[in-house]
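This is what each chain is made of:
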Amino acid sequence: MSRFGKENNMNKKFTTIIETIIVGVLVFILTFTNAFGALDYIAKDSIYQIPRGIDSNIKIIGIDEKTLNEYGPIQTWSRSIYGDLINTLNSGESDGPLIIGFDIQFSGNVDEGDDAFAKTAEESGNVVIVNHLIYKTKLEMGSGPSTVVDSVEEPYDSIKAVCDVGFSNVAQDSDGLVRKIVPEENGNGQDYKMFSRVLYEKYCEITGTSENKIPVDRFGRSIINYSGKPGDYEYVSMYDVLNGNIDSRAFSDSIVLVGAYAPGMQDNFEVPNGGSTQMYGVEIHANILQSYMEGRFAVNGNPIILGIITALLAMLLHLLFKKLKVWQSLLLLVLTIVAEVLILSFVNEHGFAFSVIYFPIVIIASFVYSIVTHYLIERARKKKVLNAFRKYVAPEIVEEISKKGDFEIKVGGENRDIAVLFVDIRGFTTMSEALEPEQVVEILNEYLSLTTKSIFDNSGTLDKFVGDATMAVFNSPFDLDDYEFKAVCAAMDIVNGGKELEKVLLEKYGRSVGFGVGVNVGPAVVGNIGCEFRMDFTAIGDTVNTAARLEANAKKGQVLISDVLYERIKDRVEVNDIGEIPLKGKSKGVFVYEVTEVHR
């Protein structure tokens with residue numbers, strides 16, 4: 001390999017290494033910093049928050065528009081109505097609900113109904129109510145643990161004394177969606193448990209079930225894996241339950257949650273799987289409770305580990321994209337992204353949530369970059385080849401190739417049937433001895449311009465100049481219709497043009513020149529001939545040698561063709577029989593014709 005070739009390969013390898021390192025570093029930094037957190041939230045929600053199916057034993061009694069229309073605003077109610085609801089649920093022939101949870105704030109005393117409600121709750125023995133934590137700052141999980149419990153809005157004393165209590169607050173991420181929970185909070189020297197956690201502990205106590213261990217991160221947070229979308233849990237109107245429209249046996253052995261189910265009560269939130277539909281707080285607690293029961297919480301995984309793994313994989317893919325075909329790279333890209341989604345979904349089901357978007361973003365960018373650079377390199381290569389062809393091939397052929405983009409040449413050669421033309425100046429040596437070098441060059445250039453134009457006008461390929469001789473081929477390196485006849489036409493154009501050139505040179509220099517042309521047709525090996533640092537695209541073989549011998553025997557102003565060529569075009573040319581003549585290097589003579597006219 002030449003020094004230039006080695007340096008070029010080294011530069012390519014160095015560039016690829018730098019690109020690969022950049023890809024890996026980019027994946028790691030984006031993953032570690034979670035640079036596009038809002039976009040990553042959307043991706044994780046679409047993968048991790050797929051509805052898993054709700055537990056039919058969790059039922060919701062909603063304080064909906066129908067209930068409010070019947071009983072008026074909730075602030076005006078006597079709390080005895082909640083006692084009536086408990087009695088209704090427990091009045092069936094079968095066992096009543098396992099647990100009755102009220103996601104309703106019972107702050108301060110209202111009337112004598114307070115004690116009636118407390119007495120009924122105590123007799124039922126399975127009621128859980130809520131308090132409300134008041135923070136010094138707004139609880140936004142996306143901004144980290146920057147909140148402190150300042151005070152607690154507790155239920156009135158008589159109901160608090162006979163019920164289990166958990167806080168009803170739900171935490172919103174920076175984009176306003178509820179994705180995480182804090183199962184326990186600490187403030188003012190006390191521990192507070194979340195409403196749904198208290199419900200779960202009550203459920204385990206009643207059923208004798210062992211509690212599932214719930215993972216939390218270093219900030220005490222867990223990610224909710226929602227079981228249902230807004231409206232998925234079985235819901236009935238509180239009005240219908242109190243008025244006997246619903247058989248109380250429907251709630252037997254169930255966990256019943258009572259809460260706001262009307263937009264005006266302002267207890268609805270954006271959730272990851274809700275789309276444009278908000279979810280009521282009581283539904284969120286139902287989802288959290290089911291996650292407790294099924295042990296399906298997750299915590300954010302270590303971004304450093306994910307960053308390292310995905311960075312190494314992205315680097316490998318970048319190298320493959322540089323080597324594979326486009327369709328292979330595209331298939332690999334799709335399969336890799338699908339595999340990532342499946343793996344991360346599996347990991348999420350086992351307690352860990354990782355960022356989703358950064359690895360796909362970078363490898364898609366790597367794929368596009370590889371395609372674009374390949375296209376630009378290939379375009380530059382084609383442009384270089386086309387520019388080179390313009391020196392050898394007729395312009396109209398180059399333009400056609402440029403449009404089609406099809407100019408692949410078989411490296412190492414191929415067998416093709418071609419027509420070969422040789423032309424030489426008669427008397428050039430004698431003339432060059434008598435003229436100044438500058439005059440010789442000018443005459444030679446005039447001659448070469450004529451031969452080149454004649455070849456190109458007939459769609460031939462200029463193979464080479466050898467001193468004062470010119471070689472041209474037809475039907476190489478590209479297929480050419482009627483190439484045999486076009487080769488003879490080019491020969492006649494050269495001879496006829498030479499007559500005009502002869503007059504000009506005679507007047508200018510007092511010297512005349514003429515051309516002898518030989519044309520043959522047949523099989524030849526066409527391809528790149530030479531060594532690594534110097535090669536020509538040419539044709540070799542007996543067909544070429546015979547054409548050269550024909551040209552050597554041609555007199556001034558004469559076009560000689562072989563009998564093989566004559567048989568192919570005899571209906572369109574006028575000839576004189578020359579007869580069989582011996583050719584140097586051939587054991588047998590060749591029957592030769594002189595072309596006097598062509599019928600185009």
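This text follows the structure it describes.
Criteria and thresholds
Residues numbered from 1 in each chain as written. Predicted model: local features only at pLDDT ≥ 70, side-chain atom pairs only at ≥ 80, totals over all residues. Heavy atoms only, no water. Helix = DSSP H or I, 4+ residues; strand = E, 2+ residues; numbered from the N terminus. Expected span 1.5 Å × (residues − 1). Buried < 20%, exposed > 50% of the residue type's maximum accessible area, 1.4 Å probe, protein only. Arc of directions from axis to C-beta. Contact = heavy atoms within 4.5 Å. Phe/Tyr/Trp six-rings, centres within 6.5 Å; stacked < 30°, edge-to-face > 60°. Salt bridge = Lys/Arg side-chain N within 4 Å of Asp/Glu carboxyl O.

Enquirer: Sorry if this is basic, but what is going on with helix 9 (residues 281-294) here?
Expert: Compared with the 20 Å implied by 1.5 Å per residue over 14 residues, the 20 Å span of helix 9 between its first and last C-alpha is a close match. Downstream of helix 9 by a residue or two, glycine 295 has a phi angle that is positive, lying close to 65 degrees.

Enquirer: Would you mind going over helix 5 (residues 113-124) with me for this structure?
Expert: In an α-helix, one turn spans 3.6 residues, which is why side chains three or four residues apart end up on the same side. The end-to-end C-alpha distance of helix 5 is 16 Å, a good match for the 16 Å that 12 residues give at a rise of 1.5 Å each. Listed in full, the buried residues belonging to helix 5 are Gly113, Asp114, Phe117, Ala118, Thr120 and Ala121. Take helix 5 and look down its axis: the buried residues cluster within an arc of 165 degrees, on one side only. In this structure, helix 5 carries Asp115, Lys119, Glu122 and Glu123 as exposed residues pointing more than 90 degrees from its buried face. Contacts from the buried residues of helix 5 go to helix 4 (80-89), strand 2 (99-105), strand 3 (127-135) and helix 6 (157-160). Positive backbone phi, approximately 75 degrees, marks glycine 125, located one or two places after helix 5.

Enquirer: Explain the packing of aromatic side chains here, please?
Expert: Here the distance between the centres and the angle between the planes together describe a pair of aromatic rings. For the structure shown, the criterion picks out 19 aromatic pairs. When the ring of tyrosine 200 is compared with that of tyrosine 292, the centres are 5.3 Å apart and the planes differ by 20 degrees; the resulting orientation is stacked. Taken as a pair, tyrosine 200 in helix 7 (residues 195-207) and tyrosine 292 in helix 9 lie far apart in primary sequence, 92 residues in all. This pair shows no difference in class: tyrosine 200 is buried, exactly as tyrosine 292 is. Here phenylalanine 321 and phenylalanine 367 contribute two aromatic rings whose centre-to-centre distance is 5.7 Å and whose plane-to-plane angle is 75 degrees, an arrangement assigned as edge-to-face. Of this pair, phenylalanine 321 sits in helix 10 (residues 303-323) while phenylalanine 367 sits in helix 12 (residues 358-389), placing them 46 residues apart in sequence.

Enquirer: Would you mind going over the side chain of serine 562 with me for this structure?
Expert: Here serine 562 lies in strand 21 (residues 558-562). Accessibility expressed as a relative area gives 1% for serine 562, which makes it buried. The contact partners of serine 562, leaving out residues within four places of it in the chain, are Val519, Asn520, Val521, Leu550, Val590, Phe591 and Tyr593.

Enquirer: Which parts of the structure should I look at to understand the pattern of salt bridges?
Expert: A full pass over the atoms with the stated rule returns 30 salt bridges. Glutamate 234 is paired through a salt bridge with lysine 59; the nearest N and O atoms lie 2.9 Å apart. Taken as a pair, glutamate 234 in strand 10 (residues 234-237) and lysine 59 in strand 1 (residues 58-63) lie far apart in primary sequence, 175 residues in all. For lysine 59, a relative accessible area of 9% puts it in the buried group. Note that aspartate 457 and lysine 453 form a salt bridge whose closest N and O atoms lie 2.8 Å from each other. Separated by 4 residues within a single helix, aspartate 457 and lysine 453 lie in helix 15 (residues 437-457), roughly one turn from each other. A relative accessible area of 46% means that aspartate 457 is categorised as partly exposed.

Keep in mind these numbers describe shape, not what the thing actually does.
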